[in-house]
Amino acid sequence: MFNRGPPNWFWPLFGTKQSESGFPLGSACLLAVALFVWFIDADLCLNPELVLPPHMQVWRLLTYSFCHKGAPSLLCSAALLIVLSQRQERRWGTVRFLALSLLSATAPALIYALLVYLGVGSPGPVCGYSVAHFAMLSAHCRHARQRKILHRVPVPALPWLVLGLTSLLLPDSPALLHLCGVCVGTSYSSSFVGWLEKGEGLAVFRSLPHNFFIPSGTRDQLPLTSTDRRCEQRGYRK
């Protein structure tokens, strides 16, 4: 079930094999929280007027990402978590993936709230995990060693292309919030992503099975090309 998804040309961008088995901890936790919030039907949407003074309901900067207006939105977020996010987790490791995922939800939301407060965009409640997906995709595309998809589309342009198509096909989508997500994801530097690896030293992670908790280990934090993967299989690097 979890191995079905985009065609083979898509996977080198994420630097992991399509046939890897298991469902890692980070993606499973994010999916479980999204489903739980859906079942309890809680009002946790992001409302810029509520997260800024005087209300200061700052938890909405994160909880909105697990709140979905309808079943189609929830199914889309769940499908991306199952198909793509677990492969990002296998590349970055569980700790870095979770840290980046939470940051990819909260940072764009804070920027969005400030922009709305300054009069840019229209106020109103927004929700959905799509913002974090945009930010994580942008981070991956910024550092990808694969330069083009299908020999035509530059990899760094992929998030912007998806953003444009989403705004065109789904005019009711929060385009400004998605734009904030793309900008935040593009800003992640290699040194910052590497610094997040320090969280793996916590003892609670050491007892988890390897196919459930993905350590950074010897894998690079950046995606590998097909040439790099062939070199790894032969026991050396370029």
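Just so it is clear, the model here is predicted, and its values are computed rather than measured.

Engineer: How should I be thinking about the overall build of the chain in this particular structure?
Structural biologist: On a plain count of helices and strands, the chain comes out with 10 helices and 2 strands. Reading the chain from its N end, one meets helices and strands in the order α-α-α-α-α-α-β-β-α-α-α-α. The contacts in the chain between residues at least 6 apart in sequence include a share of 75% that link residues at least 24 apart. On the chain, roughly 12200 Å² of surface is accessible, and the fraction owed to carbon and sulfur atoms is 66%.

Engineer: Help me understand the packing of aromatic side chains in this model?
Structural biologist: Ring pairs (aromatic) are described by centroid distance and by the angle formed between their planes. Overall, the coordinates contain 3 aromatic pairs when judged by the stated rule. Note on F66 and Y129: the rings are 6.0 Å apart at their centroids and 35° apart in plane angle, and the pair reads as tilted. Here F66 is found in the loop between α3 (60-63) and α4 (71-92), whereas its partner Y129 is found in the loop between α5 (94-117) and α6 (130-143), with 63 residues between them in sequence. Side by side, F66 and Y129 carry an identical accessibility label, which is buried.

Engineer: Teacher, can you tell me more about a nonpolar patch on the surface here?
Structural biologist: Among the surface-exposed residues, L161, L165, L168, L169 and L170 lie close enough to one another that they form a single nonpolar patch of about 540 Å² accessible area. Mapped onto the fold, L170 is located in the loop between α7 (158-169) and α8 (175-186).

Engineer: It is not clear to me how the packing of α4 against α5 should be interpreted in this structure. Could you clarify?
Structural biologist: Two measures define how a pair of helices packs: the angle their axes make with one another and the distance between the axes. Packing of α4 against α5 brings their axes to within 7 Å, and their N-to-C directions diverge by 125°. It follows from the interaxial angle that α4 and α5 lie oblique. Crossing of α4 over α5 shows right-handed handedness. Here S85, Q88, E89, R91 and W92 of α4 lie close against α5, whose contacting residues are T94, R96, F97 and L100. When grouped by side-chain class, the residues that make up the contact of α4 with α5 number 3 nonpolar, 3 polar and 3 charged.

Engineer: What's the story with α4 in this structure? I'm lost.
Structural biologist: Think of an α-helix as 3.6 residues a turn; residues three or four steps apart then line up on the same face. Between its first and last C-alpha, α4 extends 30 Å over 22 residues, near the 32 Å set by a 1.5 Å rise per residue. Where α4 bends most, at L81, the angle is about 40°.

Engineer: Hey, could you run me through the nonpolar core in this one?
Structural biologist: Across soluble globular proteins, you tend to see nonpolar side chains buried next to one another. Core analysis: the biggest nonpolar cluster contains 41 residues, and L46, Y64, L100 and Y112 have the highest contact counts within it. Among the secondary structure elements, those contributing two or more residues to this core are α1 (25-40), α4, α5, α6 and α8. Look past the residues within four positions of Y64 in its chain and what remains in contact with it is L44, C45, L46, A105, A109, V126, C127, G128, V131 and L177. Listed in part, the 6 residues of the second largest apolar core include C141, A144, V155 and L158.

Engineer: Can you help me understand the confidence of the model for the chain in this one?
Structural biologist: Low-confidence regions, as indicated by low pLDDT, have predicted coordinates that should not be scrutinised in detail. Here the chain shows a mean pLDDT of 79. Residues at 70 or above account for 76%. Every residue in residues 1-12 is under pLDDT 50, and counting partners more than four places away or in other chains gives 30 contacts.

Engineer: Looking at this model, I keep getting lost on the environment of Q88. Mind explaining?
Structural biologist: Following the sequence through the fold, Q88 ends up in helix α4. You can call Q88 buried: its relative accessible area is 4%. With 49 residues separating them in the primary sequence, Q88 and L137 have C-alpha atoms 9.0 Å apart.

Engineer: Would you mind showing me how to read the packing of α6 against α8 here?
Structural biologist: Where α6 contacts α8, the two axes come as close as 7 Å, and the packing angle between them is 35°. Seen from above, α6 lies across α8 with right-handed handedness. Residue-level contacts link S130, V131, F134, A135, S138, A139 and R142 of α6 to L177, H178, G181, V182, G185 and T186 of α8. Per-class residue counts for the contact of α6 with α8 are 6 nonpolar, 6 polar and 1 charged.

Engineer: Before we go on, may I ask you to explain α7 in this structure?
Structural biologist: The end-to-end C-alpha distance of α7 is 16 Å, a good match for the 16 Å that 12 residues give at a rise of 1.5 Å each. Buried residues of α7: L158, P159, L163 and T166, and no others. Viewed end-on, α7 has its buried residues packed into an arc of 135°, placing them on one side of the element. Considering only its buried residues, α7 is in contact with α6, β1 (148-149), β2 (153-154) and α8.

Rules used in this analysis
- Residues numbered from 1 in each chain as written.
- Predicted model: local features only at pLDDT ≥ 70, side-chain atom pairs only at ≥ 80, totals over all residues.
- Heavy atoms only, no water.
- Helix = DSSP H or I, 4+ residues; strand = E, 2+ residues; numbered from the N terminus.
- Contact = heavy atoms within 4.5 Å.
- Areas by Shrake-Rupley, 256 points an atom, 1.4 Å probe, with all protein chains shown as cover.
- Phe/Tyr/Trp six-rings, centres within 6.5 Å; stacked < 30°, edge-to-face > 60°.
- Buried < 20%, exposed > 50% of the residue type's maximum accessible area, 1.4 Å probe, protein only.
- Patch = residues over 30% accessible without salt bridge, like charges linked within 9 Å, V, L, I, M, F, W, Y side chains within 5 Å.
- Salt bridge = Lys/Arg side-chain N within 4 Å of Asp/Glu carboxyl O.
- Axes fitted to C-alpha atoms, helices over the stretch in contact; angles between N-to-C directions.
- Parallel < 35°, antiparallel > 145°, perpendicular 65-115°, else oblique.
- Left-handed = near helix turned anticlockwise from the far one by under 90°.
- Nonpolar A, V, L, I, M, F, W, Y, C, P; charged D, E, K, R; others polar.
- Expected span 1.5 Å × (residues − 1).
- Bend = angle between axes of the 7 residues up to and from the residue.
- Core = buried A, V, L, I, M, F, W, Y, C linked by side-chain atoms within 4.5 Å.
- pLDDT = per-residue confidence, 0-100.
- Arc of directions from axis to C-beta.

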